[in-house]
Amino acid sequence: MGIEFNLEGKIALVTGASSGLGNRFAKVLAKAGAQVVLASRRVERLKELRAEIEAGGGAAHVVALDVTDYASIKSAIAHAETEAGPIDILVNNSGVSTTQRLIDVTPEDYAFVMDTNQRGAFFVAQETAKRMIARAKGDPGKQHRIINIASVAGLRVLPQIGIYCVSKAAVVHMTKSMAVEWGRYGINVNAICPGYIKTEINESHFDSEQGQQLINMLPRKRLGEPEDLDGLLLLLAADESRFMNGAIITADDGMAAY
Ligand SMILES: NC(=O)c1ccc[n+]([C@@H]2O[C@H](COP(=O)([O-])OP(=O)(O)OC[C@H]3O[C@@H](n4cnc5c(N)ncnc54)[C@H](OP(=O)(O)O)[C@@H]3O)[C@@H](O)[C@H]2O)c1
């Protein structure tokens, strides 16, 4: 018997859909039948992705979003629901990183990472949840999903990216707090903690000699591909994961276990 996750009739908002993991998440959700709303600052890239999804028979919308700007979050989510309809699934994925030792972190570095990864992720989830909660009150059986993209760096300390680790540890704990408060409204809040996957956030590092050394220290001496998260993403997005709430799940090729 084959089982596949069917997201037909669902509306999914993916933040940070303009590159890397978010781009893949949007394609996978669309392939499973969801209507996807693509959100980030680089709108031209989102339009290209929309065209690609539509060419494959899927449905996609584009919304400009800067997660460091509270007004932008509010207007983007309102825009998403006007364009596509009520959001069933949020993939809270936008993120940035910097590379330096903690001793060298400036207030600007700190704000850059925290305003996006922690504050931004919090208010995107909160704004979406307000709407989900309002709908749940009229329809207690309704299922909603929030999938926070944390990192293995939120579970263990990785070299040179200490402030990023702090921001992702906050996302891990935020996921549990949200699960506890919002579970009663049918919102399941879970986190994916990916290991190293080569994308724009880290490609220059992995192309360097230091980056190559780091790859050699990984359990299987390899990086992941964005598609390595497909199965976990689909599970957490689908109704079949209704008993999963507050779960922090690694997809890291064994990094956190090491
Ligand atoms: N790649 C990895 O190894 C890895 C491992 C663990 C966790 N992660 C996490 O996975 C998520 C995606 O990262 P990635 O690897 O796909 O990196 P990426 O290719 O650099 O993508 C980051 C995305 O975040 C968006 N973004 C950044 N600042 C934003 C802002 N102020 N407002 C809205 N969107 C913003 C970017 O879009 P715009 O520039 O268009 O706004 C971009 O689409 C991040 O949260 C990252 O921390 C990645």
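Refer to the structure printed above.
Reference entry: report on the structure contained in this document.

Each value, and the rule that gives it
Residues numbered from 1 in each chain as written. Predicted model: local features only at pLDDT ≥ 70, side-chain atom pairs only at ≥ 80, totals over all residues. Heavy atoms only, no water. Pairing = 2+ DSSP bridges. Helix = DSSP H or I, 4+ residues; strand = E, 2+ residues; numbered from the N terminus. Axes fitted to C-alpha atoms, helices over the stretch in contact; angles between N-to-C directions. Contact = heavy atoms within 4.5 Å. Near = heavy atom within 4 Å. Polar contact = N/O pair within 3.5 Å; in protein donor to acceptor, adjacent residues only side chain to side chain. Areas by Shrake-Rupley, 256 points an atom, 1.4 Å probe, with all protein chains shown as cover. 1 Å grid on protein atoms, 1.4 Å probe; cavity = no way out; pocket = protein on both sides within 12 Å on 5 of 7 lines; lining within 4 Å. Sits in = over half its atoms within 2 Å of the grid points. Buried < 20%, exposed > 50% of the residue type's maximum accessible area, 1.4 Å probe, protein only. Lys, Arg positive; Asp, Glu negative; His and termini not counted. Salt bridge = Lys/Arg side-chain N within 4 Å of Asp/Glu carboxyl O.

Topic: the sheet that holds strand β5 (residues 144-149)
Strands sit in the order β3-β2-β1-β4-β5-β6-β7 across an open sheet of seven strands; the sheet is parallel. The sheet is open, and its two borders are formed by β3 (59-64) and β7 (248-251), each paired with just one other strand. Neighbour to neighbour, the strand axes of the sheet diverge by 20 degrees on average, direction disregarded. Where strand β4 (residues 89-92) and β5 come together, four bridges link them in parallel fashion. Residue pairing in the sheet places N92 in a bridge with N148 of β5. Contacting β1 (11-15), β2 (35-40) and β3, helix α3 (residues 70-83) runs over the sheet at an angle of about 155 degrees to β3. Along the sheet, helix α4 (residues 107-138) makes contact with β1, β4, β5 and β6 (187-194), crossing β4 at roughly 175 degrees.

Digging into the site of the ligand
In the vicinity of the ligand, 31 residues are found, and the nearest of them are S18, S19, Y164, I197 and T199. Between the ligand and L21, the relevant distance is 2.8 Å, taken from an oxygen atom to a main-chain nitrogen or oxygen of the residue. At a separation of 2.8 Å, an oxygen atom of the ligand approaches a polar side-chain atom of S40. Burial of the ligand by the protein chains amounts to 96% of its free accessible area of 870 Å². Among the cavities detected, the one that contains the ligand is the largest pocket. Sorting the residues of the shell around the ligand by element identifies α1 (20-31) and α5 (162-182) as the ones contributing at least two each.

Section: the side chain of R145
With respect to the helices, strands and loops of the structure, R145 is situated in strand β5. We note that R145 is buried and unpaired, the nearest opposite charge coming from D239 at a distance of 4.5 Å. A distance of 3.5 Å separates polar atoms of two side chains, one belonging to R145 and the other to N188. Residues in contact with R145, not counting those within four places in the same chain, are D88, I89, L90, M132, N188, L236, A237, A238, D239, S241 and R242.

Keep in mind that these numbers describe shape and distance, not what the molecule does.
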